[in-house]
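Chain residues, written in single-letter form:
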Amino acid sequence: MSHDFAPLPDLPPPGSSVGAIGWLRRNLFSNAINSVLTLFAIYLLATLLPPLFNWLFFDADWFGDSRDACTSGGACWVFVSARFSTFMYGFFPENETWRINLIYIALIACMAPLFIDSFRHKVKLGVFVIFVFPIFGFILLFGGVFGLEQTETSQWGGLTLTLLLASVGCVAALPLGIMLALGRQATNMPAVKSMCVLFIEFWRGVPLITVLFMSSVMLPLFLPEGVSFDKLLRALIGITLFQSAYIAEVVRGGLQAIPKGQYEAADALGLSYWKKMGLIILPQALKIVIPGIVNTFIALFKDTTLVIIVGLLDVLGMVQNALNDPNWLGYSTEGYVFTAFVFWIFCFTMSRYSQSLERKLHTGHKR
Amino acid sequence: MTAAVPNTAAENEVMIELRGVNKWYDKFHVLKDINLQVAKGERIVVCGPSGSGKSTMIRCINRLEEHQKGQIIVDGTELTSDLRQIEQIRKEVGMVFQHFNLFPHLTVLENLALAPMWVRKMPRKEAEAIGMQYLERVKIPDQAKKYPGQLSGGQQQRVAIARSLCMSPRIMLFDEPTSALDPEMIKEVLDVMIELAESGMTMMCVTHEMGFAKTVADKVIFMDRGQIVESNPPEEFFNNPQNERTQLFLSQIIGH
């Protein structure tokens, strides 16, 4: 007397809701207001884009070596190409720039396998890139050994300096920030906790520009006579401490998002505090805060331009410096568009990388 | 490590002892003068209305909660604030939670092998072999490579039991292991627990599965408002409850 349960067959969705027409309908012309806005947007693009493209590409001057080459009324990219090496390398001795290029190439060569899924020694390579590579990079940049000509840190500039500041700032601030976040969570160690809170709140409370100014102008006043720090080193330390406070707060958000049961399960298995944090809590917490961490990295990357206040010339500083050259007066638009483009490339890459990382680390569920 | 005790002597060996245990949450007195002894191989079921302190009591046994007065002695070691002793005891005491608490960023097998590798310092191969062995015991060896989020609740809870067993604990604590599960999945978890009970594991289980209590428990404890109201073997407990409060509780959960 039993009947078999036979589910109804699956049917395809109605035709008007799928395909290109369905997409247009849903997204652009779903109602009267949307249709009007769509048409208005098309009108705006049609009036604004052609002149922009004309200036940027079609009417632009690309080749030459002085401003005389710029005659056609569009952008004068000759300015950028003529000054390109100073934008990239700052005042680094011209016949030594291969050292910087070598660093870039080596870095790319080291990083590339990290993006290959089947590569098995990612952790080892990551440790190498973070701990060993900086020494190699420093030796190449600074010189003075192995027959390399010694350079001054004041000769470091342009994009090289920007990348140096940003990468040191990020790499050094991340572990420090994680430790600060853990310290701030340590309710059973009130002294550690209040020190971390004090540190974080102090550094988050002051603007980066003040930090840089203090480190370069005020700090030497407090140091005993004869003791001096390199200006770049002081800026790097300032940026790192500043950045670590922000990272700490981002990481703390992630720690708070981990359910209490995860801590309890780790405890119940007998894991010690550091193993619990390192194996269970941080891997999950850091995964959650990837967008937040990358966000602070991007913000830092752009904030590095502030070092101009202490006389370090990053890529923006070099462009502004070039704009003061009497031979190139009046090409500030080109200079700033170029700088913006450089920054955009790097920031956009970071953003995309963080998204792909999020996707890769997503194990398909919460809790 | 304690040497294996021969079965005859085991009967009198006390695995868990609570003496005059008291605990407060701020001013709220959750546990009032709890006295309890659990012998090796004994299976205790703890029941009682919500808020009666039953979960708090078993969470005190592996120090997930701290008691403020009295003594808790687990496998001969007293629980104090000494971290090393706590970790020592936690190695010997497995716990299964209401919400499974599997580690979602690790595969099932990684969940199982983690503690043996990092707490018992076992090589990965050996730890994974033990993990597979227990996964087979809870009847889901085919799920080893999946992530916890891809499993059903019942499967997750069985993985959680296996995860605790991988540490070869001498005591297993269960904190409402089936109350977050769909009715269809409760049985598969209970079957695993019954099998475990029959293997001679010392168990303390907070649950409202009275069928489970009748089948395997040596003793059923009823708690209300932070106190142990009644503690008796299951036949006595179900057929002839002494306390009025117990009678009311039993009539409510069995009556319908």
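Quick notes on the rules
Residues numbered from 1 in each chain as written. Chains lettered and ligands numbered in written order. Predicted model: local features only at pLDDT ≥ 70, side-chain atom pairs only at ≥ 80, totals over all residues. Heavy atoms only, no water. Contact = heavy atoms within 4.5 Å. Buried area = accessible area lost by both parts, 1.4 Å probe. Salt bridge = Lys/Arg side-chain N within 4 Å of Asp/Glu carboxyl O. Polar contact = N/O pair within 3.5 Å; in protein donor to acceptor, adjacent residues only side chain to side chain. Pairing = 2+ DSSP bridges. Helix = DSSP H or I, 4+ residues; strand = E, 2+ residues; numbered from the N terminus. Phe/Tyr/Trp six-rings, centres within 6.5 Å; stacked < 30°, edge-to-face > 60°. Buried < 20%, exposed > 50% of the residue type's maximum accessible area, 1.4 Å probe, protein only. Lys NZ or Arg CZ within 6 Å of the ring centre and 35° of its normal.

## A look at the interface of chain B and chain A
In this complex, chain B contributes 24 residues to the contact, which on the side of chain A involves 21 residues. For the pair chain B and chain A, the summed buried surface comes to about 2100 Å²; carbon and sulfur atoms form 64% of the total. For the pair chain B and chain A, the number of links is two salt bridges. Run the count over chain B and chain A and you get six residue pairs in polar contact (both at pLDDT 80 or more).

## Side note on the pattern of salt bridges
Across all of its chains, the model carries 26 salt bridges over all chains by this definition. With a closest N to O distance of 3.8 Å, R63(B) and E66(B) form a salt bridge. Within the structure, one salt-bridge network assembled from shared partners comprises R184(A), E201(A), R204(A), E249(A) and R252(A).

## A few points about the sheet that holds strand β5 (residues 77-78) of chain B
Residues and elements named next belong to chain B. An order of β2-β1-β4-β5 is seen for the four strands of this open sheet, with the pairing classed as antiparallel. Only two strands of the sheet have a single partner each, and these edge strands are β2 (28-39) and β5. Pairing geometry for strand β1 (residues 14-25) and β2, over eight bridges, is antiparallel. Each bridged residue has a counterpart across the sheet, and for W24 the counterpart in β2 is H29.

## Some details on the packing of aromatic side chains
A full pass over the atoms with the stated rule returns 22 aromatic pairs over all chains. The interplanar angle of 70 degrees and the centroid separation of 6.0 Å between the aromatic rings of F79(A) and F87(A) together place this pair among those described as edge-to-face. For the pair formed by F79(A) and F87(A), the shared burial category is buried. Ring plane angle 50 degrees and centroid distance 5.2 Å describe the contact between F242(A) and Y246(A), whose orientation is recorded as tilted. Note that F242(A) and Y246(A) are positioned in helix α9 (residues 231-257) at a spacing of four residues, about one turn of the helix. On the basis of relative accessible area, F242(A) is assigned to the buried category, the value being 7%. A connected cluster of aromatic rings, assembled from ring pairs, spans F79(A), F84(A), F87(A), W328(A), Y331(A) and F338(A). Note that R163(B) overlies the ring of F103(B), its terminal NZ or CZ placed 4.5 Å from the centroid. Positioned over the ring face of F238(B) is K214(B), at 5.0 Å from the centre of the ring.

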